[in-house]
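Each chain, letter by letter, is given below.
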Amino acid sequence: MGRDLKLIGRSEYDRGGYIIRAMAQNPQSVNIRKVCQLCNQEIVPVHVYGDDSLNFKETMEALLPVYLHSEMREAIHATLPLYWSSFILYVDNAIPVIASAIEALQKSWFALEENQSAAVYYPKAEFRKVRKQLIDILDAQLEESLYKNAVKNKVDQLNMMSVRDRNTLFFEQLGIEYGENEVRAVRMRNVFAHGDTNGGEQVDEMIDAIKVLQMLYAKSVLKILGYEGDYIDWAENHERKIMRNVE
């Protein structure tokens, strides 16, 4: 529905009830400089004001009960502020923020009991047999050192999906398109995660990446809550699309 409410005013009174000090601040002007305007307004993808076929009240009546009983409720609650913050932050700050919201959502989804097996390349019981053989080989071949156990501990990581493969599987399982534009946007996050700087000529590309990441997050939440119906994809020229659940 929007950002969390912020403290925007304070009044102090003397004992006679007269105001002796007052402060008021517009929550929209928080001294955050925008590199550029991402959009004219924050857009809720499943509602366009004045459009009866995308009725906000009906949408909330359908989604809110699901949200309140969802195992993903805490993850959604924790990541929504990151999603809304991505609309007002510096462009180069917005990218890692919205990307981290997607990653946190994804991590919680894979942590669900029914999805845990999807985060590994091979079933744990099957890999456990191979793991024992690998540990035996390392014990026999590696000389004793401070790092021998550290190397052996990394064997378990061999069966863990890479970030790239987890992304592909996560969106595939939810029935969300994860094509070249989405992969490029996620890679853009890595640029800032590794401390690289950007040039002015990349601003347009960064803005596009933010929009794609915002839509990935929004579509993920809607899919998790079982939403079916029309939505507006503002990453693709505000094109109107239809979301259906995966059978």
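Residues numbered from 1 in each chain as written. Predicted model: local features only at pLDDT ≥ 70, side-chain atom pairs only at ≥ 80, totals over all residues. Heavy atoms only, no water.

All right, on to the overall build of the chain then. Scanning the chain from terminus to terminus reveals eight helices and four strands. When the elements of the chain are put in sequence order from the N terminus, they spell out β-β-α-α-α-α-α-α-α-α-β-β. Of the roughly 16200 Å² of accessible surface on the chain, 51% is carried by carbon and sulfur atoms. (Helix = DSSP H or I, 4+ residues; strand = E, 2+ residues; numbered from the N terminus. Areas by Shrake-Rupley, 256 points an atom, 1.4 Å probe, with all protein chains shown as cover.)

Relative orientation of the contacting elements helix H3 (residues 91-111) and helix H6 (residues 163-174) amounts to 70 degrees, with a least axis distance of 11 Å. By the criterion of interaxial angle, the relationship of H3 to H6 is roughly perpendicular. Note on element contacts: H6 touches H3 through Arg166, Asn167, Leu169, Phe170, Phe171, Gln173 and Leu174, opposite Ile102, Gln106, Trp109 and Phe110. Taken together, the residues that form the contact of H3 with H6 break down as seven nonpolar, three polar and one charged. (Axes fitted to C-alpha atoms, helices over the stretch in contact; angles between N-to-C directions. Parallel < 35°, antiparallel > 145°, perpendicular 65-115°, else oblique. Contact = heavy atoms within 4.5 Å. Nonpolar A, V, L, I, M, F, W, Y, C, P; charged D, E, K, R; others polar.)

A few words on the environment of Gly179. Take Gly179: it is sitting in the loop between H6 and helix H7 (180-193). On a C-alpha basis, the gap between Gly179 and Thr168 in space is 9.1 Å, while along the polypeptide they are eleven residues apart.

Attention now moves to the packing of helix H2 (residues 73-85) against H3. The N-to-C vectors of H2 and H3 enclose an angle of 170 degrees; their axes lie 8 Å apart at closest approach. On the basis of their axis angle, the class for H2 and H3 is roughly antiparallel. For the pair formed by H2 and H3, the contact residues are Ala75, Ile76, Thr79, Leu82 and Tyr83 on the first element and Val97, Ile98, Ser100, Ala101, Ala104, Leu105 and Ser108 on the second. Taken together, the residues of the contact of H2 with H3 sort by class into nine nonpolar, three polar and no charged.

Looking now at the packing of aromatic side chains. Per the counting criterion, the structure on display carries ten aromatic pairs. Note on Phe171 and Tyr178: the rings are 4.9 Å apart at their centroids and 25 degrees apart in plane angle, and the pair reads as stacked. The two residues Phe171 and Tyr178 agree in class, both being buried. Connected via pairs of aromatic rings, a cluster forms that spans Tyr83, Trp84, Phe87, Tyr217 and Trp234. (Phe/Tyr/Trp six-rings, centres within 6.5 Å; stacked < 30°, edge-to-face > 60°. Buried < 20%, exposed > 50% of the residue type's maximum accessible area, 1.4 Å probe, protein only.)

Turning next to a nonpolar patch on the surface. Together, Leu142, Leu146, Tyr147 and Val151 make up an exposed nonpolar region whose accessible area comes to about 450 Å². Mapped onto the secondary structure, Tyr147 falls in the loop between helix H4 (124-141) and helix H5 (148-153). (Patch = residues over 30% accessible without salt bridge, like charges linked within 9 Å, V, L, I, M, F, W, Y side chains within 5 Å. Salt bridge = Lys/Arg side-chain N within 4 Å of Asp/Glu carboxyl O.)

Looking now at the nonpolar core. Within the largest apolar cluster, 51 residues are counted, with the highest numbers of intra-cluster contacts made by Ile76, Leu213 and Tyr217. Mapped by element, the contributors of at least two residues to this core are helix H1 (56-69), H2, H3, H6, H7 and helix H8 (203-224). Ranked by residues supplied to this core, first place goes to H8 with 13 residues. Not counting residues up to four positions away in its chain, the partners in contact with Tyr217 are Ile76, Thr79, Leu80, Tyr83, Ile98, Ala101, Ile102 and Leu105. (Core = buried A, V, L, I, M, F, W, Y, C linked by side-chain atoms within 4.5 Å.)

A few words now on the environment of Phe87. The residue Phe87 is located in the loop between H2 and H3 in this model. A sequence separation of 127 residues divides Phe87 from Gln214, and the C-alpha atoms of the two residues are 8.8 Å apart.

Looking at where Glu182 falls in the secondary structure, it is placed in helix H7. Salt bridges are absent for the buried Glu182, whose nearest opposite-charge side chain, Lys219, sits at 4.9 Å. (Lys, Arg positive; Asp, Glu negative; His and termini not counted.)

With that settled, consider the pattern of salt bridges. What the rule picks out here adds up to eight salt bridges. Ionic pairing is found between Glu144 and Lys148, a salt bridge with its closest N-O pair at 3.1 Å. A relative accessible area of 6% places Lys148 in the buried class. For Glu236, the salt bridge identified is with Lys241, shortest N-O distance 3.0 Å. Connected through shared salt-bridge partners, Asp139, Glu144, Lys148 and Lys152 make up one network.

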